[in-house]
Amino acid sequence: MNRQFAAVGLAGLLAVGAYFGLRQTDSEPAPPLEQALAPMGPDRVQIPLRIGKGSTLGTMLSGTGFSANAVREAALEHYDLARIRPDRELTLVYSDAEPEPVALSYVLDEDRTLFVEQEADALVARVEEVQYEVALDSRHLVLESSLWQAGLDAGLRPIDLVRLAEIFEYELDFNTELREGATFDLVAEVLSAAGRKSKLGALHAVRLVNGDKEVVAVRHLVDDEETFYHPDGTGMTRPFLRSPLEFSARVTSAFNPKRFHPVLKTRRPHNGTDFGAPTGTRVRSVAAGTVTYAGRNGGHGNYVKIKHEGPHETSYSHLSKIKVKKGATVRQGQLIGLVGTTGLSTGPHLHYQMWKNGRYVDAMNEPLPSSTPIARSKLAAFKETADRYVPMLDSAPE
Ligand SMILES: [Zn+2]
């Protein structure tokens, strides 16, 4: 997985994976061998070696005539081959004239291959990067059976679909709210290189139409970091997540100040929302903040409470494990604990509470702070971007 994929986050991957029926074993494909080795010339023979679990460079190269130490040393400025990974490919290159290999290659990631070649008395290492041609293109996806299929049909990869889910994460839950007939229009960079499947680069503008809801997202780039805004410059991300659980877990008991308590058998207010989820499910902080409590707390069992910027606080009860310490600063979406059934609880669930100015409020119906718009100083430039790409959303072939 490359960095970009990592940045998407497990949450997005799992959430979308659940919807698409994807498995998580979806790793990057190695580039075709001819492509990777093309610069080596036609009189060479390439022998790919399968890297097994527990293989080391030493075991892989033993008996080949290459010294693992020398190869590692030569490559070190680019990559430490002591860390070869089982899902990658190591290839030995033989010349017709010699019994011993003249070079080896190792696929670093989707776009880069490391070569170590014998030149005179020395081993010389270099990294070759795929040179993509970049073109602007529009795509139109209609969700019929599944978004996964619609994406495939439009030439998208799983990672691209994950990116889409991330963009609209605050507007719509891809697991439960995406309807048949929903459409996506994209204006994106398409990267192509000889012998490779093309792939999407930057998504400049995306439009989602789902039922009677239409959302347009336009990309804004600052210091290599992309953020999506609505075309008028209002934000798409919000300070509070819809749910502390990544999966759209069922709400098993809603906020109800007059509830009859199932364990205590008395009328006791239910000052939070219960989410049914298996023990071990990841619990995230719904917003950035500071941990004000992390530990045992009577009937709440293992309990975490967080003070957010502004008037709101949230808490998370019955955890099987706590993953933060009192006083710690947390980011939005950060793992703070795991679902459990500690304290006064009838089974694994998350009891989630929210306060505003110290009084309990219903987190599911609380009007929470809205998104941050684009900085005023950037608005003019952003509008230009929007004016350029949004009209192109209509030009995708149906
Ligand atoms: Zn509860």
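Residues numbered from 1 in each chain as written. Predicted model: local features only at pLDDT ≥ 70, side-chain atom pairs only at ≥ 80, totals over all residues. Heavy atoms only, no water.

## Concerning the coordination of the zinc ion
Stage number 1. For the zinc ion, the full set of protein donor atoms is His270 (NE2), Asp274 (OD), Asp274 (OD) and His351 (ND1), and the range of their distances to it is 1.9 to 2.7 Å.
Stage number 2. Coordination at the zinc ion is irregular: its four donor atoms span angles of 54 to 154° at the metal.
Stage number 3. Counting gaps between the donor residues of the zinc ion yields the pattern H-x3-D-x76-H.
Stage number 4. Residue His270 is classed as buried on the basis of its relative accessible area, which comes to 2%. (Donors = N, O, S within 2.8 Å, 3.2 Å for Na, K, Ca; no water. Tetrahedral: all angles 85-135°; square planar, octahedral: opposite > 155°, others 65-115°. Buried < 20%, exposed > 50% of the residue type's maximum accessible area, 1.4 Å probe, protein only.)

## Topic: unusual backbone geometry
Stage number 1. Even without a glycine there, the phi angle at Ala120 is positive, about 50°.
Stage number 2. As for its position among the elements, Ala120 is in the loop between β4 (112–119) and β5 (122–129).
Stage number 3. For His318, which is not glycine, the phi torsion reads 65° and is therefore positive.
Stage number 4. You can see His318 is positioned in strand β16 (residues 312–319). (Helix = DSSP H or I, 4+ residues; strand = E, 2+ residues; numbered from the N terminus.)

## Focus: the packing of aromatic side chains
Stage number 1. Taken as a whole and judged by the stated rule, the model has seven aromatic pairs.
Stage number 2. Over the aromatic face of Phe115 sits the side chain of Arg126, whose NZ or CZ is 4.7 Å from the ring centroid. (Phe/Tyr/Trp six-rings, centres within 6.5 Å; stacked < 30°, edge-to-face > 60°. Lys NZ or Arg CZ within 6 Å of the ring centre and 35° of its normal.)

## Some thoughts on the sheet that holds strand β6 (residues 133–142)
Stage number 1. Strand order in the open sheet formed by five strands is β6-β7-β8-β9-β10, and the pairing between neighbours is antiparallel. Pairing within the sheet leaves two strands with one partner each, and these edge strands are β6 and β10 (225–229). Strand after strand, the sheet turns through a mean of 20° between neighbouring axes, direction not considered.
Stage number 2. Relative to strand β8 (residues 199–210), strand β7 (residues 183–192) runs antiparallel, the two being bridged by eight bridges. Considered in β8, the bridge of Leu191 is made with Lys199.
Stage number 3. Packing against the sheet, helix α6 (residues 158–167) makes contact with β6, β7, β8, β9 (213–222) and β10, and its axis sits at approximately 50° to β8.
Stage number 4. Strands β6, β7, β8, β9 and β10 of the sheet are contacted by helix α7 (residues 376–389), whose axis makes an angle of about 125° with β9. (Pairing = 2+ DSSP bridges. Axes fitted to C-alpha atoms, helices over the stretch in contact; angles between N-to-C directions. Contact = heavy atoms within 4.5 Å.)

## Re the side chain of Ser345
Stage number 1. Of note, Ser345 is situated in the loop between β19 (335–338) and β20 (349–356).
Stage number 2. Assessed through its relative accessible area of 18%, Ser345 is described here as buried.
Stage number 3. Looking at Ser345, its side chain comes within polar contact range of the side chain of Thr341, at 2.7 Å. (Polar contact = N/O pair within 3.5 Å; in protein donor to acceptor, adjacent residues only side chain to side chain.)

## Some remarks on the side chain of Ser285
Stage number 1. Within the secondary structure, Ser285 is located in the loop between β13 (282–284) and β14 (289–296).
Stage number 2. Residue Ser285 is classed as buried on the basis of its relative accessible area of 0%.
Stage number 3. There is a polar contact of 2.6 Å between the side chain of Ser285 and the backbone oxygen of Ala287.
Stage number 4. Setting aside its immediate chain neighbours within four residues, Ser285 contacts Leu241, Ile306, His308, Tyr316, Val330, Arg331, Gln332, Gly333, Gln334 and Ile336.

## Examining the environment of Ser146
Stage number 1. Following the sequence through the fold, Ser146 ends up in the loop between β6 and α5 (147–153).
Stage number 2. Considering only alpha carbons, one finds Ser146 and Gly181, 35 residues apart in sequence, at a separation of 9.7 Å.

## Description of the sheet that holds β13
Stage number 1. Overall, antiparallel pairing links the three strands, which are arranged β13-β19-β17 in an open sheet. Single-partner strands in this sheet number two, and they are β13 and β17 (321–322).
Stage number 2. Here β17 pairs with β19 via two bridges, running antiparallel. For Ile322, the partnering residue across the bridge sits in β19 and is Gly337.

## Describing helix α4 (residues 68–75)
Stage number 1. Where α4 is concerned, the buried positions are Ala68, Val71, Ala74 and Ala75. Buried residues of α4, viewed axially, fall in a sector of 135°; they line one side. The outward face of α4, more than 90 degrees from its buried face, is lined by the exposed residues Asn69 and Glu73.
Stage number 2. Buried positions along α4 lie against α3 (57–61), β3 (101–109), β4 and β5. (Arc of directions from axis to C-beta.)

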